[in-house]
Amino acid sequence: MQAEVNIGLLGHVDHGKTTLTKALTGKWTDTHSEEIKRGISIRLGYADANVYQCKKCSKFILKDKCDCGGAGELKRRVSFVDAPGHETLMTTVISASSILDGALFLIAANETCPMPQTAEHLIVLNLIGIKKVVVVQTKIDLVTKEKAQENYKQIREFLKGSVAENAPIVPVAANYNINIDRLVETIEKTITTPKRDLDKPLRMYISRSFDINKPGTVIAKLLGGVIGGSITQGSLKPGDELELRPGIPKKEGAKPIPILFTANELREEGDILKEAMPGGLVAVGTSIDPAITKSDSLVGSVIGKVGQLDEVVDTLKLKYELLKRTDIENPLLKNGEVLVVNINTATSVGVITNLSKGTATVKLKKQIVADKHSKVAISRRLGQRWRLSGWASIV
Ligand code: ZN
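Visitor: Explain the sheet that holds strand 6 (residues 133–138) to me, please; I cannot follow it from the model alone.
Guide: Two orientations exist for strands paired in a sheet by backbone hydrogen bonds: parallel and antiparallel. The seven strands are arranged 3-2-4-1-5-6-7 in an open sheet whose pairing can be described as mixed. Each edge of the sheet is formed by a strand with only one pairing partner; in this case those strands are strand 3 (60–61) and strand 7 (169–171). Across five bridges, the pairing between strand 1 (residues 5–11) and strand 5 (residues 102–108) is parallel. Looking across to strand 5, one finds that Gly 11 is bridged to Leu 106.

Visitor: It is not clear to me how the coordination of the zinc ion should be interpreted in this structure. Could you clarify?
Guide: Under ideal tetrahedral coordination, the four donors around a metal are separated by 109.5 degrees; under ideal octahedral coordination, the six donors are separated by 90 or 180 degrees. Here the zinc ion is held by Cys 54 (SG), Cys 57 (SG), Cys 66 (SG) and Cys 68 (SG), and the distances to it run 2.2 to 2.3 Å. One can describe the donor arrangement at the zinc ion as tetrahedral, given that its four donor atoms subtend angles of 101 to 118° at the metal. By relative accessible area, which is 3% here, Cys 54 ends up buried. On the basis of relative accessible area, Cys 68 is assigned to the partly exposed category, the value being 33%.

Visitor: How should I be thinking about the sheet that holds strand 20 (residues 385–394) in this particular structure?
Guide: With antiparallel pairing, the six strands of this closed barrel are ordered in space as 15-18-17-16-19-20. On average, each strand axis in the sheet is tilted by 45° relative to the strand beside it, whichever way the strands run.

Visitor: I keep staring at the domain arrangement of the chain and nothing clicks. Help me out?
Guide: Accessible area lost on assembly of the parts is the figure often given for the size of an interface. With domains assigned, the chain is organised as domain 1 (5–190), domain 2 (203–305) and domain 3 (312–394). One C-alpha centre belongs to domain 1, the other to domain 3, and the line joining them spans 29 Å. Of the residues lining the interface, 17 residues belong to domain 1; the matching set on domain 3 comes to 18 residues. Of the roughly 1,400 Å² buried between domain 1 and domain 3 on both sides combined, carbon and sulfur atoms contribute 57%. Along the contact surface separating domain 1 from domain 3 lie three salt bridges. For Arg 387, the salt bridge is made with Glu 87, and the minimal N-O distance between the two is 2.8 Å. Counting across the interface, domain 1 meets domain 3 through seven residue pairs in polar contact (both at pLDDT 80 or more). At the level of elements, helix 3 (86–95) and helix 4 (116–128) are the ones that each hand at least two residues to the side of domain 1 that touches domain 3. Residue classes in the side of domain 1 that touches domain 3 are distributed as nine nonpolar, five polar and three charged.

Visitor: I'm lost on the pairing of strand 2 (residues 45–54) in this one. Help?
Guide: On any regular strand, side chains alternate: one points to one face of the sheet, the next to the other face. With nine of 10 residues buried, strand 2 is to be regarded as a mostly interior element. Where strand 2 meets strand 4 (residues 72–82), 10 bridges bridge the pair, whose relative direction is antiparallel. Residue pairing in the sheet places Asp 48 in a bridge with Ser 79 of strand 4. As paired strands, strand 2 and strand 3 are joined by two bridges and run antiparallel to one another. By the bridge assignment for strand 3, Gln 53 is matched with Phe 60. Joining the antiparallel neighbours strand 2 and strand 3 is a turn of five residues, in which Ser 58 adopts a positive phi near 70°.

What counts and what doesn't
Residues numbered from 1 in each chain as written. Predicted model: local features only at pLDDT ≥ 70, side-chain atom pairs only at ≥ 80, totals over all residues. Heavy atoms only, no water. Pairing = 2+ DSSP bridges. Helix = DSSP H or I, 4+ residues; strand = E, 2+ residues; numbered from the N terminus. Donors = N, O, S within 2.8 Å, 3.2 Å for Na, K, Ca; no water. Tetrahedral: all angles 85-135°; square planar, octahedral: opposite > 155°, others 65-115°. Buried < 20%, exposed > 50% of the residue type's maximum accessible area, 1.4 Å probe, protein only. Axes fitted to C-alpha atoms, helices over the stretch in contact; angles between N-to-C directions. Domains from an automatic or database assignment. Contact = heavy atoms within 4.5 Å. Buried area = accessible area lost by both parts, 1.4 Å probe. Salt bridge = Lys/Arg side-chain N within 4 Å of Asp/Glu carboxyl O. Polar contact = N/O pair within 3.5 Å; in protein donor to acceptor, adjacent residues only side chain to side chain. Nonpolar A, V, L, I, M, F, W, Y, C, P; charged D, E, K, R; others polar.

Set out below in structure tokens:
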């Protein structure tokens, strides 16, 4: 079974995301830090959980046997999506909002609510308009009952007027597996799988690409390159003739040429799929020369059926809005300023060449696919670092 719903994990870095992911999926999402150390620009981490329902007591459980003795029936597979670090998470949640169907919003019971990062995550949640939200009040084992209740009231107050105003709040102690069953039940009721547009043209956004051949493999035994990413619409079968954009330029600085290829094999978390649909991280074994796919070189590309993809551009006209940051000044954009733009899984540096009434024209260093349905995250240099500064749509 393929994961059929993607749930983003939001919340302050220290509010227990890794522990909760472990409790829900059995996996640590901390592999991110390894990826950062190696300097790979992988931003989205995926961890799947199988959700079962007990045939005897109807409880939602994360294993195929219930504590009551009843057998569990597999209901669906859920993919939890995370990104490392505060800035990266906010940037990714905006630019990759099209792949998220809902969100868990973690808020720790042992801190005053809201902490600055928590407040910024709520701004981002509002902005991308994800309505299926479950708030997880974490670390209740670290406070008294009275303190937890007081914190719960603070959270309710904080959520007022936001997209998450009526979101359920589930207290948990993930370290001790306390109330995780209630959380799973709430996720099943609140973050339902949306209706998928399988008849729409395929869109898959690439977040990984690699060469799976061992060094020294003879040419006749070489396997094609593997690419991984998320499908937002349409579906994909082995044997499909596909196109990848932007593609590869013949020489540096030239317009990239799209790559035409065949999908050979499809997988999701290691399982072979007969057909790939929206949900989770799908890996595609391709007919592409593995030298082209190695070391994440195709991250940021988009896949579709031949002739159905959006244009590749080197200039974007953006209708933008600046974010209100809680801890830093975020002044107006300036002509000639250098920005980083993220759209889906693509990243490019660009220079503002024109500014007028809420629109900015940005000349990009690297060409990207201009998907008008997607949101664009804008980062700029504030102080010593790149900080998320605004978001935009393509006009
Ligand atoms: Zn049961």
